[in-house]
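Commentary on secondary and tertiary structure
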Amino acid sequence: MNTLIAITGLGIFCLLFEILNLRKAIIPFSIIGLLAVLALNFSEFGAAESYYNNMIRVSKFSTAFSSLFIVITIFLIALSHNFYENHQTKISDFIAIKIFLLAGGVAMVSFGNLAMFFLGIEILSISLYVLAASERLNLKSNEAGMKYFLMGSFASGIILFGICLIYGAMGSFDIVEISENSLSAELPIWFPIGMVLMVIGMLFKVAAVPFHFWAPDVYEGSPALTTALMSTLAKVIAIATLYKLISELNLIPSLENQGLLSTFENIVVIVSIASMTVGNIMALRQVNVKRMLAFSGISHAGFMLMTLLTISTSAGVLLYYSAAYALAGIAAFSVILYVCKNQDNEDITNFHGLGKTNPLLAAILTGSLLSMAGIPIFSGFFAKLFLFNQTIQAGYIALVIVAVLNSIISVGYYFKLILAMYSKEPNEERTGKPFLIYATAVISIALNIALGLFPSLVLDLLK
């Protein structure tokens, strides 16, 4: 709860800095403030506490994922300096919205009550709607904002209906009461139906097949920094919340009581395979890098959904995979922001010859793409290794074989971009070396490699 209050206070301070005409101090103040919040959050690690009639519950899971969200937000705010340099009068708005979005994400993984869960979703979603449509004079940005608003509202409505059915079955919004009652032999039919609706709504937020169709258009049309936020922070928040929802509400034991567990597992396997396969095959055809990474994100959602099959033991693996994916995404988008600045699009042609004109950023982008593809020594490889090992032990060998094949397919479109950087002639000479973009790119890829070399630092957090 202290973390949530501190994040909200930081967002309010950003808005006050605009009133006091201290715009230049907003980004450094926000980064220092978030580092302080990170320390505060980590100080609560392992403390079993609840606040305000169990509305917020602090656990190792919520603290670890909140720390990851804060780190990702620090990187995104650092990238904002160069991205919004021509919109200085609006920088406080954009930074404050990102910080309030973080508050929504922390509420989503710390909820102890379904009312707080829904409140967190709405804070996150409304912030994303605004950011997606933030380029008012850009038709694609307006289209992305409208599409995301319509689809996100539809998903929120499904989640709310699910919450209502669960309340009707249990007579409570409290997670502890619901989880205790869910083990009852005579469970009202409304409970599994409500859970199904909530899971469907969260699959929209995760952008898993068949609820993925909004993602490519929204990612392509949104401003590049908003796409980076959706691809990393928003996706990680959604998958962590879905995991917590299923584990905290004791969905697996309650389905086992009713003989429906095998049905749930089959659905997870089908959605996971479909997300990996559709995402990778569609990504092979893309020439727009943001659209390609949108389909890549859909495939990674399929990989992360595999953790739902071993929900009692896979929290550490999900945290590790999320961290590896998010850090690789931040590094990749740092380079995309540099290369595609002042360009009309984010097509692969913009990256031609980057290996000759800017070897450092080309190497960082190559590293981040190799991590997403699952190549050693990057943490993306070890994330898939641990995930596959756990899934095989649970008996889902066919699913792992499909996942390995999909990892091989993904190399095709990642290498298409890598070859464009090193085998093509440069289109134009790019001038300037923005410090914060370079720093963000270097630190994020360095952290990605460090996680690959020392995986136990993250994996053991949630044991």
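Check the entry above for the structure.
Residues numbered from 1 in each chain as written. Predicted model: local features only at pLDDT ≥ 70, side-chain atom pairs only at ≥ 80, totals over all residues. Heavy atoms only, no water.

1. Some remarks on the overall build of the protein
Across its full length, the protein holds 20 helices and two strands. A compact globule built from 463 residues should have a C-alpha radius of gyration of about 23 Å, and the protein, at 21 Å, falls within 12% of that. Dimensions of the protein, computed from the C-alpha atoms along their principal axes, are close to 70 × 55 × 40 Å. (Helix = DSSP H or I, 4+ residues; strand = E, 2+ residues; numbered from the N terminus. Rg over C-alpha atoms; globule rule 2.2 N^0.38 Å.)

2. Quick notes on helix H19 (residues 435–453)
Since the α-helix turns once every 3.6 residues, residues separated by three or four places project in the same direction. The terminal C-alpha atoms of H19, which comprises 19 residues, lie 27 Å apart, in line with the 27 Å expected from a rise of 1.5 Å per residue. For H19, the set of buried residues is Ile437, Tyr438, Thr440, Ala441, Ser444, Ile445, Asn448, Leu451 and Gly452. Elements in contact with the buried residues of H19: helix H3 (60–83), helix H14 (315–339), helix H16 (359–373), helix H17 (379–393) and helix H20 (456–459). (Expected span 1.5 Å × (residues − 1). Buried < 20%, exposed > 50% of the residue type's maximum accessible area, 1.4 Å probe, protein only. Contact = heavy atoms within 4.5 Å.)

3. A few points about the pattern of salt bridges
Under the defined criterion, the tally for this structure stands at six salt bridges. Between Arg57 and Glu248 there is a salt bridge, and its shortest N-O distance comes to 2.9 Å. Here the residue Arg57 occupies a position in strand E2 (residues 56–58), and Glu248 occupies one in helix H10 (residues 224–248), the gap between them amounting to 191 residues. With relative accessibility at 27%, the residue Arg57 sits in the partly exposed group. (Salt bridge = Lys/Arg side-chain N within 4 Å of Asp/Glu carboxyl O.)

4. Looking at the packing of aromatic side chains
Counted by the stated rule, this structure contains 20 aromatic pairs. Ring centres 5.7 Å apart and planes at 10 degrees place the aromatic pair Phe61 and Tyr243 in the stacked group. Remark: Tyr243 occurs in helix H10 and Phe61 occurs in helix H3; sequence separation between them is 182 residues. Considered together, Phe61 and Tyr243 belong to a single accessibility category, that of buried residues. Pairwise contacts between aromatic rings join Tyr129, Tyr148, Phe149, Trp214 and Tyr219 into one cluster. The ring centre of Phe111 lies 5.0 Å from the NZ or CZ of Lys244, which sits over that ring. When the ring centre of Phe303 is taken as reference, the NZ or CZ atom of Lys384 above it lies at 4.6 Å. (Phe/Tyr/Trp six-rings, centres within 6.5 Å; stacked < 30°, edge-to-face > 60°. Lys NZ or Arg CZ within 6 Å of the ring centre and 35° of its normal.)

5. Some remarks on the nonpolar core
Membership of the largest hydrophobic core comes to 178 residues, with the highest contact counts inside it found for Phe65, Leu114, Phe117 and Phe351. Considering every element that reaches this core, the biggest residue donor is H14, with 21 residues. If we skip the residues at most four places from it in the chain, Phe65 touches Val109, Ala240, Ala315, Leu318, Leu319, Ser322 and Leu462. (Core = buried A, V, L, I, M, F, W, Y, C linked by side-chain atoms within 4.5 Å.)

6. Here's the deal with a nonpolar patch on the surface
Among the surface-exposed residues, Ile12, Phe13, Leu16, Ile19, Leu20 and Leu22 lie close enough to one another that they form a single nonpolar patch of about 590 Å² accessible area. Along the chain, Leu22 falls in the loop between helix H1 (2–19) and helix H2 (26–43). Exposure remark for Leu22: the relative accessible area of 39% places this residue in the partly exposed category. (Patch = residues over 30% accessible without salt bridge, like charges linked within 9 Å, V, L, I, M, F, W, Y side chains within 5 Å. Areas by Shrake-Rupley, 256 points an atom, 1.4 Å probe, with all protein chains shown as cover.)

7. Here we look at the packing of helix H4 (residues 91–110) against H10
Following both chains from N to C, one finds H4 and H10 inclined at 15 degrees, their axes separated by 8 Å at the closest point. As far as their axial angle goes, H10 and H4 are roughly parallel. The handedness of the crossing between H4 and H10 is left-handed. Facing Lys98, Leu101, Gly105, Met108, Val109 and Ser110 of H4, the residues of H10 in contact are Leu225, Leu229, Leu233, Ile237, Ala240, Thr241 and Lys244. Split into classes, the residues belonging to the contact of H4 with H10 amount to eight nonpolar, three polar and two charged. (Axes fitted to C-alpha atoms, helices over the stretch in contact; angles between N-to-C directions. Parallel < 35°, antiparallel > 145°, perpendicular 65-115°, else oblique. Left-handed = near helix turned anticlockwise from the far one by under 90°. Nonpolar A, V, L, I, M, F, W, Y, C, P; charged D, E, K, R; others polar.)

Take it as geometry only, folks, not as evidence of what the structure does.
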